[in-house]
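A look at the structure
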Amino acid sequence: MVPADTLLAFTAAALVIILIPGPAVLFSVGRTLAIGRTGGLLSVAGVSLALLPIVALVAFGVGGIIARSVVLFTVLKVVGALYLAFLGVQAIRHRKGAAAVATAAPAAPTSNGRQLRQGFVVGITNPKTIAFFVAVLPQFVDISLGSVPLQMMELGILFGLIGLVSDSVWVLVASAARTWFARSPRRIEAMTAAGGGMMIGLGGVLLLTGGAHG
């Protein structure tokens, strides 16, 4: 079981990361702009379901390894912090492309089931998702508590739930303001750039406070 103070710290970090318009948000917002609120929410649900097998893979694969190696655990924490900073730089560099994706109009699926499946496919086929969880989850694991894979599973599921709520809010906002989003891609640009800066800052904080617990 992850301690309460660690869960709070992880929740705060997850919010910083999740609130940045990333691929899942852009995909769901694009669906919403094209086919409406139901399509957007089903896309969010599909992407969120795809996180479950990914989190399990990372937790019981990577978690089992780092539980036996303090050196590898520390290396992963440092690399993970640097990776977060890299993602922040990429978000700033590609903010115009992010805005273009969010305001694009994909073809509408023919059924609710297909919308859900397409969201799942988008989530499960994104290799960056695995890399992301490998980078983030070890930052908040305490190897002295044991059960490292279970700690990572708990954190990963919490991350997925926060993402589900956050992305659903994005969909509801996009549904209520289709014209506002479609005509103002610069707003998404600015938010993506600001979020990228926050991610760089988060990576820096984790780097300075990195190291194995216990």
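Residues take numbers from 1 onward in each chain, read along the sequence in its written order. Reporting of local features is limited, given that this is a predicted model, to residues whose pLDDT is at least 70; pairs of side-chain atoms are given and counted only at 80 or more, and all residues count toward the totals for whole chains, interfaces and linings. Heavy atoms throughout the structure, all of them, feed into the side-chain values; hydrogens and water do not.

1. Description of the overall build of the protein chain
A tally of helices and strands in the protein chain yields 10 helices and 0 strands. If you list the helices and strands of the protein chain from N to C, you get α-α-α-α-α-α-α-α-α-α. Classification of residues uses two cut-offs on accessible area relative to the type maximum, computed with a 1.4 Å probe and protein chains only: under 20% is buried, over 50% is exposed, and between them is partly exposed. Counting the 214 residues in the protein chain, one finds 46% classified as buried. Residue exposure ignores everything except the shown protein chains as possible cover, and the areas themselves are Shrake-Rupley values with a 1.4 Å probe. Just so you have it, the protein chain exposes about 10,200 Å², and 71% of that area is on carbon and sulfur atoms. Secondary structure counts use DSSP, requiring at least four H or I residues in a row for a helix and at least two E residues in a row for a strand, with both numbered from the N terminus.

2. So, the environment of isoleucine 92
Structurally, isoleucine 92 can be placed in helix H4 (residues 70-93). Residues isoleucine 92 and glutamate 189 lie 97 residues apart in sequence; the distance between their C-alpha atoms is 8.5 Å. Note on contacts: a residue pair qualifies if any of its non-hydrogen atoms lie within 4.5 Å across the two residues. Among residues more than four places away in sequence, those in contact with isoleucine 92 are Ala193, Gly196, Gly197 and Ile200.

3. Description of the confidence of the model for the protein chain
pLDDT measures how confident the predictor is about each residue, on a scale from 0 to 100. The share of residues in the protein chain with pLDDT of 70 or more is 71%, and the mean pLDDT across the chain is 76. Least confident of the elements in the protein chain is helix H9 (residues 178-183), whose mean pLDDT is 61; most confident is helix H8 (residues 148-176), at 89.

4. A few points about the packing of aromatic side chains
Any two of the Phe, Tyr and Trp rings considered here, Trp counted by its six-membered ring, make a pair once their centres fall within 6.5 Å; the pair's planes then place it as stacked at under 30 degrees, edge-to-face at over 60, or tilted in between. Inspection of the entire model under this criterion finds 3 aromatic pairs. The interplanar angle of 80 degrees and the centroid separation of 5.2 Å between the aromatic rings of phenylalanine 10 and phenylalanine 140 together place this pair among those described as edge-to-face. With phenylalanine 10 in helix H1 (residues 4-18) and phenylalanine 140 in the loop between helix H7 (127-136) and H8, this residue pair connects regions lying 130 residues apart in the sequence. Across the pair, exposure class does not vary: phenylalanine 10 and phenylalanine 140 are buried alike. An angle of 55 degrees between the planes, with centres 6.3 Å apart, marks the rings of phenylalanine 10 and phenylalanine 159 as tilted. Remark: phenylalanine 159 occurs in helix H8 and phenylalanine 10 occurs in helix H1; sequence separation between them is 149 residues. In terms of burial, phenylalanine 10 and phenylalanine 159 fall into one category: buried.

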